[in-house]
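Close look at the chain arrangement
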Amino acid sequence: MLFYLTLFLLFIAIYKWAELDGRWWTLLIAILIPTLFEGLRDEVVGEDMLGYGGNWFYLMDEKDGLLDMFEFAQTPEYAYHLLIYLCKKLSQDIHLYMTACALIKMTMVSLFAYKMREQLSSTLFLFSYYCFFYVLSFSMMRQGIAVAICIYSIYYFFNHNIIRFLIAVLVAYFFHNSAILMLLLVPIYYLRNLKYKYYIILGGILLVYFSIENLFELVLM
């Protein structure tokens, strides 16, 4: 645990250096370092890597083309299967695919922190992400990518760009269908100018809280 906490603080320190420097290449370094740490790990690290992550990668050799690949995807997560397919075509080394997954996640998270640096503490945000999602994403491959894209979508939501927010959520959905829950933010967007919006939003939160099991069953269906 101490090793990972030290590592997280190092990653955050590199990011803060890039944030203060403000040049694109320093931000690129801040993205690549945690990306490579995740992407170059042993392929058996992560429960889902032992389940579907590695198996799906090696099964792509049996697919005749994109249509066959999409038919193999028994869930709506077509973007995730397409990512595996393209990585397998580029290299037989599974670490390319693992690095690509990590690169998507760290790019989304780092850009969100950078663009929202005036509105939130990037240090606290990144520390929370690393503690709760970074290592956990070693196991939840699809969900980890969807979470990162959904985090970035909040930037559009915060700036009232509802169309780009919906597009980002749709992209996240095609990595993992749980991203559909982000649409719960849409009513908040349209209620923002109502007189009793805080009471309505609070009521909505309570409704979601007490019906969360039904919502998850709907997502799974």
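Residues numbered from 1 in each chain as written. Predicted model: local features only at pLDDT ≥ 70, side-chain atom pairs only at ≥ 80, totals over all residues. Heavy atoms only, no water.

1. Things to note about the packing of helix H6 (residues 94-115) against helix H8 (residues 141-158)
- Between H6 and H8, the shortest axis-to-axis distance is 8 Å and the interhelical angle comes to 20°. By the angle between their axes, H6 is roughly parallel relative to H8. Here H6 runs over H8; the crossing is left-handed. Here Tyr97, Cys101, Ile104, Lys105, Met108, Val109, Leu111, Phe112 and Lys115 of H6 lie close against H8, whose contacting residues are Met141, Gly144, Ile145, Ala148, Ile149, Ile151, Tyr152, Ile154 and Tyr155.
- Residue classes in the contact of H6 with H8 are distributed as 15 nonpolar, one polar and two charged. (Axes fitted to C-alpha atoms, helices over the stretch in contact; angles between N-to-C directions. Helix = DSSP H or I, 4+ residues; strand = E, 2+ residues; numbered from the N terminus. Parallel < 35°, antiparallel > 145°, perpendicular 65-115°, else oblique. Left-handed = near helix turned anticlockwise from the far one by under 90°. Contact = heavy atoms within 4.5 Å. Nonpolar A, V, L, I, M, F, W, Y, C, P; charged D, E, K, R; others polar.)

2. With respect to the side chain of glutamate 77
- As for its placement among the helices and strands, glutamate 77 is situated in the loop between helix H4 (66-72) and helix H5 (78-90).
- Glutamate 77 sits in the buried class, given a relative accessible area of 2%.
- A polar contact is formed between the side chain of glutamate 77 and the side chain of arginine 142, at a distance of 2.8 Å.
- Residues in contact with glutamate 77, not counting those within four places in the same chain, are Arg142, Tyr173, Phe174, Phe175, His176 and Asn177. (Buried < 20%, exposed > 50% of the residue type's maximum accessible area, 1.4 Å probe, protein only. Polar contact = N/O pair within 3.5 Å; in protein donor to acceptor, adjacent residues only side chain to side chain.)

Such coordinate-based values are descriptive only and should not be taken to indicate function.
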